[in-house]
There are 4 protein chains.
Amino acid sequence: MTTALATEQLETLHATKTMRALVFHGPNQIAVESVPMPKAGYGEAVIRVTLTTICGTDVHILKGEYPVKPGLIIGHEAVGVIHELGPGVSGYEIGERVLVGAITPCGQCSSCLGGGWSQCGGVPIGGWKFGNTINGAQAEYLLVPSAQANMAKIPDELTDEQVILLADIASTGFSAAESGEVQLGDSVAVLAQGPIGLCATAGAKLRGASLIIASESNPIRKQVALKMGADIVLDPRTTDVVAAIKQLTNGRGVDVAIEALGTQATFETALRALRPGGTLSSLGVYAGKLSIPVEAFAAGIGDYKIVSTLCPGGKERMRRLMELVLHRRVDLTPLLTHGFPLHQITDAYDLFSKQLDGVLKVAIRPSQPRPLKPGDEQC
Amino acid sequence: MTTALATEQLETLHATKTMRALVFHGPNQIAVESVPMPKAGYGEAVIRVTLTTICGTDVHILKGEYPVKPGLIIGHEAVGVIHELGPGVSGYEIGERVLVGAITPCGQCSSCLGGGWSQCGGVPIGGWKFGNTINGAQAEYLLVPSAQANMAKIPDELTDEQVILLADIASTGFSAAESGEVQLGDSVAVLAQGPIGLCATAGAKLRGASLIIASESNPIRKQVALKMGADIVLDPRTTDVVAAIKQLTNGRGVDVAIEALGTQATFETALRALRPGGTLSSLGVYAGKLSIPVEAFAAGIGDYKIVSTLCPGGKERMRRLMELVLHRRVDLTPLLTHGFPLHQITDAYDLFSKQLDGVLKVAIRPSQPRPLKPGDEQC
Amino acid sequence: MTTALATEQLETLHATKTMRALVFHGPNQIAVESVPMPKAGYGEAVIRVTLTTICGTDVHILKGEYPVKPGLIIGHEAVGVIHELGPGVSGYEIGERVLVGAITPCGQCSSCLGGGWSQCGGVPIGGWKFGNTINGAQAEYLLVPSAQANMAKIPDELTDEQVILLADIASTGFSAAESGEVQLGDSVAVLAQGPIGLCATAGAKLRGASLIIASESNPIRKQVALKMGADIVLDPRTTDVVAAIKQLTNGRGVDVAIEALGTQATFETALRALRPGGTLSSLGVYAGKLSIPVEAFAAGIGDYKIVSTLCPGGKERMRRLMELVLHRRVDLTPLLTHGFPLHQITDAYDLFSKQLDGVLKVAIRPSQPRPLKPGDEQC
Amino acid sequence: MTTALATEQLETLHATKTMRALVFHGPNQIAVESVPMPKAGYGEAVIRVTLTTICGTDVHILKGEYPVKPGLIIGHEAVGVIHELGPGVSGYEIGERVLVGAITPCGQCSSCLGGGWSQCGGVPIGGWKFGNTINGAQAEYLLVPSAQANMAKIPDELTDEQVILLADIASTGFSAAESGEVQLGDSVAVLAQGPIGLCATAGAKLRGASLIIASESNPIRKQVALKMGADIVLDPRTTDVVAAIKQLTNGRGVDVAIEALGTQATFETALRALRPGGTLSSLGVYAGKLSIPVEAFAAGIGDYKIVSTLCPGGKERMRRLMELVLHRRVDLTPLLTHGFPLHQITDAYDLFSKQLDGVLKVAIRPSQPRPLKPGDEQC
């Protein structure tokens, strides 16, 4: 048998190769199905996903609130093992464990070269491709574009579970404190302690805030908030949060307020809780119109800053965040409350979207969680 | 006659000494009247005002839209000659010409020591005292608090007219470009070309913007906009400003959009004209609620920054701005379109508030415009 | 007896009132002596010093390496109780406990109004006045200039010992990380772990460094370095520090290197330990010439930043640092290794300058350490 | 004849295709020779060079002061027409005029993804590849690596001569003002007015400096300095530059001093000319050791910043700089004093390296300067 024939047969085999993945077919229509395996082209890589998770954005997609094309594999957070490397991807080896960012900048467009990696391509959130404009991570295998820029090797000391949340939620949550330019000794309010708010709380602590005031009414989340760095957690159902924040800061207001829910109410609370000249760092994803209260004529919108942040991307960001975990500056594993194999991911969606059973984040394990040795790779 | 007696008589004389000033008595009630001369206490100075002007804020006060106490002398921009120095004010001499900022920070409170001079005292715009919480500049004499921090000597080469607008409008206008962190090569839109917008245009030019797109429909202001640095002026009555800006930037949007009118419409235009990741720098003074359009669910409020800026204050700021004028980086005299003596200031208010006769800013001259020699000071 | 006479007698009494203080009479000539009590003038306050300490700079003065006028009371770090308030100082009460910064900016000169509080007056380190250009803190009482700007009330929850090091060494040490702009996930080297280096280590931790590599050979200081946040301490006597740092950072070099000793050797180590584009943050006080190695022609001095920082000052800085202690972000008390009453301060100088007995910082207690109630104030 | 054969023949033809280029053979050994034409691989492009120039660095290479491999084509500045596009380069067309930066970042390594494009690859100045580690621009054709990231289309309105200096010298010169964070109203000194110093002067003007003090003794360069934005040019042969700068700034010193020569003398002048807390922005390429004078013990190296800057790279940078030229913010053509065809480039090296005839920069034109239409491309 000639080599040419062998190659051809292999190609045929490959074409028929399939994997299991969660496919979006339309609002409220998702299913785990067999789909063709991806194949790495120039500058691309395929990773075998060992751990992924579900993001609030995925739930919005599921509900039809954020439109994606039917037939798309969704999900944008992935830890995995390199399965295939396309030409032009150097410095990596098959079998290495990598963390892939939710944002996959190309590094070579004007936005990227201006430092706006999350706006890759010049389109707002154009850097977010997985499960948005290309197939995503809730699958056995994931095709990584611009692989050279977007795969960060995971130190051996770290488990998949320790790093998976760095792909999106922690990177975004921490960035609220970074974009808000939290300084040593700042007082910071973090409004809402869902997964993203909890990460923002951790980020404020990491940046050297002296006082972190969280607001949250869910008792389990209140407990985790304290663990992530909050000094006090106010319950918005029973407390006038703005008044309490003013009191806790001797009438001054906080230096930075982080909005982490995406509602008009929390946005207003954040704005009113600020000291004059303070910064509102917005993480929330808002619907419709957002209204800025302008009470006093002369103040206009005061002397405030409002910054909003998308998830920073790129392998260097992933590397830096893994360093923080490696050296025990932060531990995000308390947020991974539940685990599911891929074939039960629809159950995970149900639990997560309804916030049942104290769920914070779910671990989805498409295959066995530990990396295989290169020789074991046989799919 | 003993010295003691002489002093006493002098004090009596002083008590009865009066000056002319514009007094606010309530909405739509202002009059030039005789009021007691101010006297410099510890750390204070009295300047003889040689040039002052009217600000849009003064018109708001006049209309009752911004509340101040009846009986107050209004106005917050002053060029003058030092008439009296209280104890504790060193490094100055009677007869020196000085520019006094609209914002008069104490320099010694927590806000000032944190770099928030315009929030002096911890109250929003607490640094704005003249014609707000203390007597102001539309008078023959002005009592300057924290004089050590707030009087900047005027270089001999500069006329009163060249520097008066630096007290407030130019300092604020330029700061829109500074707070918006305009970078070399940025494209900048400045929405509305009233006096503050014109100064923002000049500020964007000074900071190294490569392309400045102004919007304005008033034909005189359009002309001045070009003189202050605009590359093109769009007419919002006849042009879709957002579309035109996108076209002028090859579909990209501007890096920084400066809102200089204070309306929902210009605010929205500014936001929509931005490139992904751009900055809206807000100068406008808004009334009621300001609404942020959040079209797309996923975008939330995008990856934008919204910064609002109050007038920076203090003598160092004044000195720096005068250096820009001295070395011909900017010339603001085209904005001073009309002149009035103090006793006709109500006419000036009428002209200015109705925007008649192509007025931009009015020069009010309480006394003769050139500085007297020390010996001449006898009021 | 008339009031006039009573006042006169009181003045006489006051003139003769004395206190104990450490007086510098020339190189190697210091003595605790009786000197006149200070009296608060306009804008000044007198505090009864309850705790002070000795700085490396004081040792330089003692040795004649930094010149001050003979007859001066030295020392620039003070915790105390307000004993007298001059006119013009409001918002404070006799008997309140305050922390006074080593740097006492006036808040009203051009440097201060430009944000350069430590350059108050426009002279390098002009903000450092205590024990340099005016009488200092190693005394029973201390006259505080620009008191309104420089006294920060101490929260009841904090002891004198918990805050005294914030006056200078911690403020300066932390600022090395702040000026070096340590970012989340940065690797940082801190070269030398004397008191200032230990505080820099704590500062790097507070700012969110992921990996802190200290260098120090003194075994006690090595232990404290780990307590203050170092992940590893290299011994420069037995280790090639540059090579070890490169290895610990996978060949990359650190993002920020903090020089905390003031020698050519540590400066060079810091520079060579940097990654391309890294920042050298210099705390050391150098003598003579400092040489920058420029090995490769093309590299010039590379693409580096070298920043040097003086102690930031003002009550707002002190307040922020106390907040960090209050909320347990940092504990500096392990650095206060020895205590002395004022009358034994020369013994303290001896111990401290010779670095005997594992000394880091000495606590000098001019009077009883706990604050008196207002009624008790009778000196 | 089959297609297969045709391709083969074409390949052979191609292999024998040659172009003219300046080849470095060792110190003081350069010659224009026929060398093989480059061929674009994946992600690469070949441009036909219409304009290039000689940099001071090239002279260092020629003299053997900076080592490159014999056989290398040198030069790193290029304007040209796209001649060939490798696979994976999209959004460009054959025949388009482009500016290629001297620094050609890959956009996908850790340095690039951390914003350190000029440190691409993690090696100092790893971003500088042309005429350093790969063949350069002093040739008829240039192979551009990471072409997607490094070719910026030239607006039709601009000539080759208007943009060629943006590739390196202007980008670097401007960056001195940017890295030095020149603020509105700053006073800036630019020490030496060679080509790079002249660009730094232009950069300081663009950033809004109020006073620009240049130092230079060459009479022609003094004239050009004034044209580029200097307010005054001091002659270091006849003037005490530090003293004159202090006098021109009322004893204060400049906010930012830019060193643009690379000597110990100018470095020291720059440092001494600074105000307390000022910034030295270093452009010079130094040899051997650079010494920081540390006169006063206490000052250490003061409260200064020293920043050094390599040429920023990437197509977005090029685009922004071209925008500045397009909108007439700056005109660099006065620096292009002489022109040569490629076959006379050794004469150009002679003139440039000896600074004869008032030369500033030389224009080298490998082919005709105007872009051909696509159909004309026949080499």
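If you're wondering where the values come from, they're calculated on a predicted model, not measured in any experiment.

So, how was this worked out
Residues numbered from 1 in each chain as written. Chains lettered and ligands numbered in written order. Predicted model: local features only at pLDDT ≥ 70, side-chain atom pairs only at ≥ 80, totals over all residues. Heavy atoms only, no water. Helix = DSSP H or I, 4+ residues; strand = E, 2+ residues; numbered from the N terminus. Buried < 20%, exposed > 50% of the residue type's maximum accessible area, 1.4 Å probe, protein only. Contact = heavy atoms within 4.5 Å. Areas by Shrake-Rupley, 256 points an atom, 1.4 Å probe, with all protein chains shown as cover. Pairing = 2+ DSSP bridges. Right-handed = clockwise from strand over helix to strand, strands pointing away. Buried area = accessible area lost by both parts, 1.4 Å probe. Salt bridge = Lys/Arg side-chain N within 4 Å of Asp/Glu carboxyl O. Polar contact = N/O pair within 3.5 Å; in protein donor to acceptor, adjacent residues only side chain to side chain. Nonpolar A, V, L, I, M, F, W, Y, C, P; charged D, E, K, R; others polar. Least-squares fit on C-alpha atoms with pLDDT ≥ 70 in both. Axes fitted to C-alpha atoms, helices over the stretch in contact; angles between N-to-C directions. Parallel < 35°, antiparallel > 145°, perpendicular 65-115°, else oblique. Left-handed = near helix turned anticlockwise from the far one by under 90°. Domains from an automatic or database assignment. Phe/Tyr/Trp six-rings, centres within 6.5 Å; stacked < 30°, edge-to-face > 60°. Lys NZ or Arg CZ within 6 Å of the ring centre and 35° of its normal.

**Brief notes about the overall build of chain A**
Right, on to step 1. Looking only at helices and strands, chain A has 12 helices and 17 strands in total.
Right, on to step 2. Taken over 379 residues, chain A has a buried fraction of 63%.
Right, on to step 3. In chain A, once contacts between residues fewer than 6 apart in sequence are set aside, the share between residues at least 24 apart is 70%.
Right, on to step 4. For chain A, the computed accessible surface area is about 13500 Å², with 53% contributed by carbon and sulfur atoms.

**Section: the pairing of strand β12 (residues 254-259) of chain D**
Residues and elements named next belong to chain D.
Right, on to step 1. Most of β12 is tucked away, with six of its six residues classed as buried.
Right, on to step 2. Taken together, the four bridges between strand β9 (residues 187-191) and β12 define a ladder with parallel strand orientation. Bridging across to β12, L191 finds its partner in E259.
Right, on to step 3. Considered for its hand, the β-α-β crossover made up of β12, helix α10 (residues 264-273) and strand β13 (residues 274-282) is right-handed.

**A few points about the interface of chain A and chain D**
How large an interface is tends to be reported as the accessible area lost when its parts come together.
Right, on to step 1. Contacts between chain A and chain D engage 18 residues on the former and 17 residues on the latter.
Right, on to step 2. In this assembly, chain A packs against chain D so that about 1500 Å² is buried in total across both faces, 64% of it on carbon and sulfur atoms.
Right, on to step 3. Here chain A and chain D share zero salt bridges between them.
Right, on to step 4. Across the contact surface, chain A and chain D share four residue pairs in polar contact (both at pLDDT 80 or more).
Right, on to step 5. Counting only elements with at least two residues in the side of chain A that touches chain D, the list comes to α3 (110-113), α4 (147-150) and α11 (315-326) of chain A.
Right, on to step 6. In terms of residue count, the dominant contributor to the side of chain A that touches chain D is α3(A) (three residues).
Right, on to step 7. Of the residues assigned to the side of chain A that touches chain D, the class counts are eight nonpolar, eight polar and two charged.

**A closer look at the pairing of strand β15 (residues 305-308) of chain D**
Right, on to step 1. The sheet contact formed by strand β15 (residues 305-308) of chain C and β15(D) spans three bridges and is antiparallel. Directly across from C:V307, in β15(D), lies its bridge partner D:K305.
Right, on to step 2. Judged from the four bridges that link them, β13(D) and β15(D) form a sheet pairing that is parallel. Counterpart to D:S282 in the pairing with β15(D) is D:S308.

**Details of the relation of the copies chain A and chain D**
Right, on to step 1. Note on the copies: chain A fits chain D at an RMSD of 0.0 Å, the axial shift is 0.0 Å, and the rotation between them is 180 degrees. The operation mapping one copy onto its partner corresponds to a two-fold rotation axis. Every residue of chain A has its C-alpha some distance from the rotation axis, and the shortest such distance is that of A:G107, at 2.2 Å.
Right, on to step 2. Both copies contact each other with a shared surface, as 94% of the interface residues of chain A are interface residues in chain D too.

**Things to note about unusual backbone geometry**
Residues and elements named next belong to chain A.
Right, on to step 1. Residues other than glycine seldom take positive phi values, yet S146 does so here, at roughly 45 degrees.
Right, on to step 2. Relative to the elements of secondary structure, S146 occurs in the loop between β7 (141-144) and α4.
Right, on to step 3. Its relative accessible area of 17% is what places S146 among the buried residues.

**Focus: the pattern of salt bridges**
Right, on to step 1. Summed over the entire model, instances satisfying the criterion amount to 72 salt bridges over all chains.
Right, on to step 2. Across the pair A:E268 and A:R272 runs a salt bridge whose closest N-O atoms are separated by 2.9 Å. Residue A:E268 and its partner A:R272 are located together in helix α10 (residues 264-273), separated by four residues, close to a single helical turn.
Right, on to step 3. Beyond isolated ion pairs, a larger network of salt bridges with shared partners links A:D186, A:R252, A:D255, A:R275, C:E316, C:R319 and C:R320.

**Observations concerning the sheet that holds strand β1 (residues 18-26) of chain C**
Sheet strands pair by backbone hydrogen bonding; their relative direction is either parallel or antiparallel.
All names here are of chain C.
Right, on to step 1. Spatially, β2-β1-β4 is the arrangement adopted by the three strands of the open sheet, whose pairing is antiparallel. Each having just a single partner strand, β2 (29-36) and β4 (72-73) make up the two edges of the open sheet.
Right, on to step 2. Here eight bridges tie β1 to β2, and the two strands are oriented antiparallel to one another. Bridge pairing in β2 links V23 to A31.

**Comments concerning the packing of helix α6 (residues 169-179) of chain B against helix α11 (residues 315-326) of chain B**
All names here are of chain B.
Right, on to step 1. Running from N to C, α6 and α11 cross one another at 90 degrees; their axes reach a closest spacing of 12 Å. Considering their axes alone, α6 and α11 lie roughly perpendicular with respect to each other. Only R317, M318, L321 and L324 of α11 make contact with α6, whose side of the interface consists of S171, F174, S175 and E178.

**Some points on the packing of helix α9 (residues 241-248) of chain D against α10(D)**
Residues and elements named next belong to chain D.
Right, on to step 1. Where α9 contacts α10, the two axes come as close as 9 Å, and the packing angle between them is 25 degrees. Comparing their axes, α10 and α9 come out roughly parallel. Crossing angle aside, the handedness with which α9 passes α10 is right-handed. On α10, the residues touching V241, V242, I245 and K246 of α9 are T269, R272 and A273.
Right, on to step 2. Among the residues forming the contact of α9 with α10, the class breakdown is four nonpolar, one polar and two charged.

**Some words on the domain arrangement of chain A**
All names here are of chain A.
Right, on to step 1. Domain boundaries in chain A define domain 1 (3-168 + 312-365) and domain 2 (173-308).
Right, on to step 2. Here the C-alpha centroids of domain 1 and domain 2 sit 30 Å apart.
Right, on to step 3. Each partner contributes to the interface: domain 1 provides 15 residues, whereas domain 2 provides 13 residues.
Right, on to step 4. Summed over both partners, the interface of domain 1 with domain 2 comes to about 1200 Å²; 75% of that surface belongs to carbon and sulfur atoms.
Right, on to step 5. Sorting the residues of domain 1 by area buried against domain 2 places R317, L335 and L360 first, and these three jointly supply 37% of that buried surface.
Right, on to step 6. For the pair domain 1 and domain 2, the number of links is one salt bridge.
Right, on to step 7. Between E178 and R317 there is a salt bridge, with its nearest N and O atoms 2.8 Å apart.
Right, on to step 8. At the surface where domain 1 touches domain 2, the tally comes to three residue pairs in polar contact (both at pLDDT 80 or more).
Right, on to step 9. No other element matches the three residues that α11 contributes to the side of domain 1 that touches domain 2.

**Side note on the packing of aromatic side chains**
Right, on to step 1. The full count for this structure, using the stated rule, is eight aromatic pairs over all chains.
Right, on to step 2. Between C:Y66 and C:W128, the ring centres sit 5.3 Å apart and the planes meet at 35 degrees, which makes this aromatic pair tilted. Within this pair, whereas C:Y66 is found in the loop between α2 (56-62) and β4, its partner C:W128 is found in the loop between α3 (110-113) and β7 (141-144), the two being separated by 62 residues in sequence. Each member of the pair, C:Y66 together with C:W128, is buried.
Right, on to step 3. The ring centre of B:Y92 lies 5.3 Å from the NZ or CZ of B:K153, which sits over that ring.

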